Amino acid sequence: MSALLEPSLAFAFELRVEVDAERHIGHGASEALGFTPITGGTVSGPRLNGRVLPGGGDWWVARGDVTQLDARYLVEADDGTVIDVVNRGYYIASDALEQRLAAGEPVTEQELYYRTAPVFQTDAPAHRWLAERQFIGMARPEPGFVCIRVFELR
């Protein structure tokens with residue numbers, strides 16, 4: 001029997017997604033539903049550079065300490081190609097960690113479970129690799145931004 005392949009990750013780029021204040025949509029007995037508008041941002045890294053276009057958003061459902069994320073937005077590469085992004089994931093933070101974030105204290109990626117699985121769509125030959133690979137994101141909040149380091153799963 002041949003050896004099984006162990007997965008590895010290769011850094012592709014970082015998304016610095018500018019966000020506006022979250023909007024409360026609803027609240028059930030054990031969950032809250034909200035929307036966070038995306039107003040712009042940048043993309044930079046060894047595999048992709050460009051900008052995040054305004055107009056997208058993140059629809060989320062919070063259940064206790066766990067928030068399920070469903071973000072949809074567009075990226076424009078430096079060559080003008082528009083790339084569709086659907087980025088789903090999870091944000092898990094204790095009350096103590098949320099208080100630190102609210103106070104403006106920095107929080108590391110190790111302290112906060114903020115992980116995503118972005119999926120990209122484009123028909124542009126130069127960026128087709130985005131639509132043909134699996135990615136994971138390591139996210140962190142910064143004032144006015146969600147920063148996501150995107151890695152290709154190999």
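These notes cover the structure that comes with them.

How each quantity is defined
- Residues numbered from 1 in each chain as written.
- Predicted model: local features only at pLDDT ≥ 70, side-chain atom pairs only at ≥ 80, totals over all residues.
- Heavy atoms only, no water.
- Phe/Tyr/Trp six-rings, centres within 6.5 Å; stacked < 30°, edge-to-face > 60°.
- Helix = DSSP H or I, 4+ residues; strand = E, 2+ residues; numbered from the N terminus.
- Buried < 20%, exposed > 50% of the residue type's maximum accessible area, 1.4 Å probe, protein only.
- Patch = residues over 30% accessible without salt bridge, like charges linked within 9 Å, V, L, I, M, F, W, Y side chains within 5 Å.
- Areas by Shrake-Rupley, 256 points an atom, 1.4 Å probe, with all protein chains shown as cover.
- Salt bridge = Lys/Arg side-chain N within 4 Å of Asp/Glu carboxyl O.
- Polar contact = N/O pair within 3.5 Å; in protein donor to acceptor, adjacent residues only side chain to side chain.

Glancing now at the packing of aromatic side chains. In total, this model carries 6 aromatic pairs according to the counting rule given. Their ring planes at 90° and their centres at 5.2 Å tell us that Phe120 and Phe135 sit as a pair that is edge-to-face. Of the two residues, Phe120 is situated in strand S8 (residues 113-121) and Phe135 in strand S9 (residues 135-142); the sequence distance between them amounts to 15 residues. Owing to a relative accessible area of 4%, Phe120 belongs among the buried residues under this scheme. Residue Phe135 is classed as buried on the basis of its relative accessible area of 0%. What links up through ring pairs into an aromatic cluster is the set Phe13, Phe120, Trp129 and Phe135.

Together, Val66, Tyr90, Ile92 and Tyr113 give the surface a local cluster of nonpolar side chains, amounting to about 330 Å² of exposed area. Looking at the secondary structure, you find Ile92 in strand S7 (residues 82-92).

This part covers the side chain of Arg140. Mapped onto the secondary structure, Arg140 falls in strand S9. At 3.0 Å, the side chain of Arg140 and the side chain of Glu14 are in polar contact.

Further remarks concern the pattern of salt bridges. A complete count under the given rule lists 16 salt bridges for this structure. Its salt-bridge partner being Arg100, residue Glu111 comes within 2.6 Å of it at the nearest N-O pair. With Glu111 in the loop between helix H1 (95-102) and S8 and Arg100 in helix H1, this residue pair connects regions lying 11 residues apart in the sequence. One salt bridge connects Arg140 with Glu109, and the closest N-O pair in it is separated by 3.9 Å. Within this pair, whereas Arg140 is found in strand S9, its partner Glu109 is found in the loop between H1 and S8, the two being separated by 31 residues in sequence. Overall, Glu109 belongs to the buried group, its relative accessible area being 12%.

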